[in-house]
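# Secondary and tertiary structure notes
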Amino acid sequence: MGSSEELTHWWMKIIRSLGIEDLLFTRALNMKIDPAEFPGLSENILNARHVIEAKLEESPDVKDLVHFFDYDSYNVNASVGSNVIFGEPTDQTFALNSLGENDYVSRVLEESGLTERFLEIGLQVARTLVDLFSDMELGHPIFEQYSFVGLDDLENLKPLLEKAERCALSELPADDKKELISLTFQLIVDRHRLGYISEEIQQELIKVREKFRENLPQEFDSSIAFFDRETFNPQLSLQCNLLMGRINLARPRAEERLCKLVCGVLDEQGLREQVIMAATTMSVGIGGKRLPLPMRQLIALARSLVKKPEILIVNDALNAHSRESADEVRRAVFELLPETTLIWMTNETPNIAEFDQVLVLRQGRIVESLIEQVPGEQQAVALDESEDAVSPEEGPTILDAETEALAEVPLFSAMDRTQLKLLAFSAQRVTFVPGEEVFHQGAQAFAAYVVLKGQSEVVVGEGEHETVINRPKENEIIGEMSLLTDNARSASFRAVDELTVLRIKKDVFLNLVEHDPHLALELSRAMSDRMAQMMHKIEEAA
């Protein structure tokens, strides 16, 4: 290839052919970008922001899906620290994980009379983090995704909690107090659901924000990328820049609906390719652990294809994909590299007509050669896997209640308390209005749902052929087959009155199972029993 333009064109052709264009596009929207690295993109994003703002104003039903960065309001989907400084830090001066160490912030907090309250909340947060993550090994994807402290910091919290058991908070060493206050600054109301940042405290924090901004020394201005509707914020993701806010994840399919709007505008503005190319710089963790295994495999294959090799050996490289998906990818490779010699090694017999020769190996030796006879036949020739907020002293948190709900689900009976709490912590609390569908029969499945509150029904068929096969009770799980299979939804699930559920993502659940073989075995048994019960219900309804 003679130029970067040609390379870009070839790369885009590869990712489109492999079916990962949309995945890269949506992931790029969750990235932060350096305007200097992608000249012109930040200005284009600002122009797209104004178009999106106009569309949101025209659609009130979509507008409530965004928590906007409004100086006069508390953003429940941003951290306490971001709410106070009303922006994101650009250096360590106001780093959110050590905000309690900043002298100016400490002074503003003390003058506002919130220091003691922040210490109390920080102590409860420390206990929760140790309870959830203390037994998790280094590099565990759930720890990396959901814990807002590092492994070393987590270890440091244990002796701090021991000190707090022996003395009053006011008697703790200064460094320990700063650490507890820093934990409080990292809390996100809607994300963590611990209930410590009540609406009353939120209003007090808006006043703290005003005091912080009014008295901020000029020398610190460059240390914060303030939220401003007229400027691009390099400390926010592309999506947050486009919305100038954060998605309201408590609304059903909020991310999906907003993504459709945002992607539509970017396509209209001709920005899709620019955004996808930005995705090539995203951090995906050690060995790509932050990516689902099927996507990791496709990206690894794409990196090989971009070189246009004369010989390409694919050794069971798509084992996380279904047979149909792997076949589609293989056919795409044939079209992309028609002149390349392709050696495709797999555990399943392919369509023989696609290959010049198909050999069967056992223990490293060729034992059969498959040849095509007529279409569909082959011959072998022998050769030789929103609750009310509560304060720290007022009892169980929302997270505790959700953990108890999961404990009532038979499918999760093999999980211990820590695993259940971790599953609840990484789940999403969503509320549906009467008549609203949670999912539709035939749709692709990415999550299961545990009913927390409200009436609902599971139905098969549509219109006059619709049949109700289940009216779930509280703490009942629906759509659990999606956690372990790639099958489409076998029924529809909808709210009868206001329905609150806990949405459990498939990738999060599988991360837990992959690290506990005993749990995987018990879950397989529970899933088998559950499938038999569901089939029986469907047969009775028919």
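Presented here is a report on the structure given in the accompanying data block. These numbers were taken from a predicted model, which means no experiment stands behind them.

## A look at the overall build of the chain
Assigned secondary structure in the chain consists of 21 helices and 17 strands. Here the chain, with 542 residues, has 48% of them falling under the buried criterion.

## Focus: the sheet that holds strand 13 (residues 456–460)
Hydrogen bonds between backbone groups are what pair the strands of a sheet, and the pairing can be parallel or antiparallel. Overall, antiparallel pairing links the four strands, which are arranged 11-16-13-14 in an open sheet. The open sheet has two edge strands with one neighbour each: strand 11 (437–439) and strand 14 (467–470). On average, each strand axis in the sheet is inclined to that of its neighbour by 40°, with strand direction left out of account.

## A look at helix 12 (residues 199–214)
Taking 1.5 Å per residue as the helical rise, helix 12 with its 16 residues ought to reach 22 Å, and the 23 Å between its terminal C-alpha atoms agrees with that figure. Among the residues making up helix 12, those that are buried are I201, Q202, L205, I206, V208, R209 and F212. Angular distribution of buried residues about the axis of helix 12 spans 165°; they occupy a single face of the element. Structural note: helix 12 exposes E200, K207 and E214 on the side pointing more than 90 degrees away from its buried face. In this structure, the buried side of helix 12 is in contact with helix 5 (80–85), helix 6 (103–111), helix 7 (115–133), helix 11 (189–192) and strand 3 (224–226).

## Quick word on the layout of surface pockets
Space inside the second largest pocket adds up to approximately 780 Å³. Every residue lining the second largest pocket is counted, 23 residues in all, and those nearest its centre are W344, M345, Q357, V358 and L359. Those elements that provide at least two residues to the lining of the second largest pocket are strand 6 (341–345) and strand 7 (358–362). In terms of residue class, the lining of the second largest pocket is made up of twelve nonpolar, seven polar and four charged.

## Section: the side chain of Q297
Inspection of the secondary structure puts Q297 in helix 16 (residues 293–305). A relative accessible area of 11% means that Q297 is categorised as buried. Discounting residues that sit within four places of it in the chain, Q297 has contacts with A317, L318, N319, A320 and H321.

Criteria and cut-off values
Residues numbered from 1 in each chain as written. Predicted model: local features only at pLDDT ≥ 70, side-chain atom pairs only at ≥ 80, totals over all residues. Heavy atoms only, no water. Helix = DSSP H or I, 4+ residues; strand = E, 2+ residues; numbered from the N terminus. Buried < 20%, exposed > 50% of the residue type's maximum accessible area, 1.4 Å probe, protein only. Pairing = 2+ DSSP bridges. Axes fitted to C-alpha atoms, helices over the stretch in contact; angles between N-to-C directions. Expected span 1.5 Å × (residues − 1). Arc of directions from axis to C-beta. Contact = heavy atoms within 4.5 Å. 1 Å grid on protein atoms, 1.4 Å probe; cavity = no way out; pocket = protein on both sides within 12 Å on 5 of 7 lines; lining within 4 Å. Points joined across faces, edges and corners; volume = space filled by probe spheres on them. Nonpolar A, V, L, I, M, F, W, Y, C, P; charged D, E, K, R; others polar.

That is the geometry; function is a separate question.
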